[in-house]
Amino acid sequence: MNDILRSFFADEKIEYFASAEIRENFIISSRRLPGWAKYVTAFLIPYNTGEDEKRNLSRYAVSKDYHLYVKELESKLKGKTNKEFCIFADTSPFDERRLAKALSLGFIGKNGLLINEKYGSFVFLGEIVTKEAVNIEGGEKSFRNECFDCGNCKEACPTKALSNKGACLSELTQKKKIDEKEKELIKNHNLVWGCDICQEVCPHNRAISLSNIDFFYKDRLYYVTSDDVEKMGEDEFLSRAYSWRGKNVILRNLSFKL
């Protein structure tokens, strides 16, 4: 399995990965974990494809939904092995950030995000669970293992979520019901979905590399209008990160910009 996964990651241009025997302190939902699972290989998926002056979507939502990419990975890995495995991303049985940090793939910043040496915090986290033993790692591990504690993210956060544990602006753009104060926050924000402020002001995100994964460069939409959303067919809309809330939520956010 070691050789299979190394070859798989090389083919997919995934540079940062590391494996370990599954430990209890990694798990947050044992019911999601197959009974045969013994080893986990965590990996990073860099998604940042660069800036656009008209961008009104969070960087993670510019490309198609990364869950589709993870499904592609699962299909490709099935073509390489008949060994038992499963891939997780987002709805994971693990505390993904804690696991990735424990495996030296990055550290956790004061904004709660995993920060990697090469790609900063603009990474999705994934895990491959296997029954067979795996002992592999990839990517340079020379990055310092702690935040600068500069306070930039806390100071810049428009809702002060990092100080008082309130809802972050990204969360507000995804809520179905908002009050007048929340409406004004979204209205005055430059994005209609998500928020990148705490990442943009982070010194660890300066001079980072863009994604080297082809998936994130296809069908990019940096800027979306109400007309764009209205005209999207079902398949196209469902391929976007903002689709899980339905069209009404992002159309509402777009209406605030009129």
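Refer to the structure printed above.
Model, not experiment: these values are computed from the prediction.

Definitions and cut-offs
Residues numbered from 1 in each chain as written. Predicted model: local features only at pLDDT ≥ 70, side-chain atom pairs only at ≥ 80, totals over all residues. Heavy atoms only, no water. Phe/Tyr/Trp six-rings, centres within 6.5 Å; stacked < 30°, edge-to-face > 60°. Helix = DSSP H or I, 4+ residues; strand = E, 2+ residues; numbered from the N terminus. Buried < 20%, exposed > 50% of the residue type's maximum accessible area, 1.4 Å probe, protein only. Lys NZ or Arg CZ within 6 Å of the ring centre and 35° of its normal. Arc of directions from axis to C-beta. Contact = heavy atoms within 4.5 Å. Core = buried A, V, L, I, M, F, W, Y, C linked by side-chain atoms within 4.5 Å.

S.K.: Mind laying out the packing of aromatic side chains, listing which residues take part and the relevant values?
M.R.: Taken as a whole, this structure holds 13 aromatic pairs when the rule is applied. Aromatic pair Tyr47 and Phe122: ring centres 6.0 Å apart, planes at 85°, arrangement edge-to-face. Placement of the pair is Tyr47 in the loop between strand S2 (39-46) and helix H2 (59-62) and Phe122 in the loop between strand S5 (114-115) and strand S6 (123-130), with a sequence separation of 75 residues. Taken together, a centroid distance of 6.1 Å and an interplanar angle of 40° make the contact between Phe124 and Phe216 tilted. Of this pair, Phe124 sits in strand S6 while Phe216 sits in the loop between helix H9 (197-200) and helix H10 (226-231), and the two are 92 residues apart along the sequence. A relative accessible area of 9% means that Phe124 is categorised as buried. The ring of Tyr223 has Lys54 lying over it, and the distance from NZ or CZ to the ring centre is 4.6 Å.

S.K.: Tell me about helix H1 (residues 2-11), and name the residues and values.
M.R.: Count 3.6 residues to each turn of an α-helix, and residues three or four apart come out pointing the same way. Those residues of H1 that fall on the buried side of the exposure criterion are Leu5, Phe8 and Phe9. The arc that holds every buried residue of H1, seen down its axis, measures 95°, which confines them to one face. Exposed residues on H1 whose side chains face more than 90 degrees from its buried face are Asp3 and Ala10. Elements in contact with the buried residues of H1: strand S1 (17-21), S2, helix H3 (66-78) and S6. Just beyond H1, the residue with positive phi is Lys13, at close to 60°.

S.K.: Before we move on, could you go through the nonpolar core and cite the residues and values that matter?
M.R.: What tends to happen in soluble globular proteins is that the nonpolar side chains get buried as a cluster. With 26 residues, the main nonpolar core has Phe9, Phe43, Ile128 and Phe216 as its most contacted residues. When contributions to this core are tallied by element, the ones reaching two or more residues are H1, S2, H3, strand S3 (85-88) and S6. In terms of residue count, the dominant contributor to this core is H3 (5 residues). Sequence-distant contacts of Ile128, that is, excluding residues within four places in its chain, are made with Leu5, Phe8, Phe9, Tyr39, Val40, Thr41, Phe43, Leu77, Phe85, Cys86 and Ile87.

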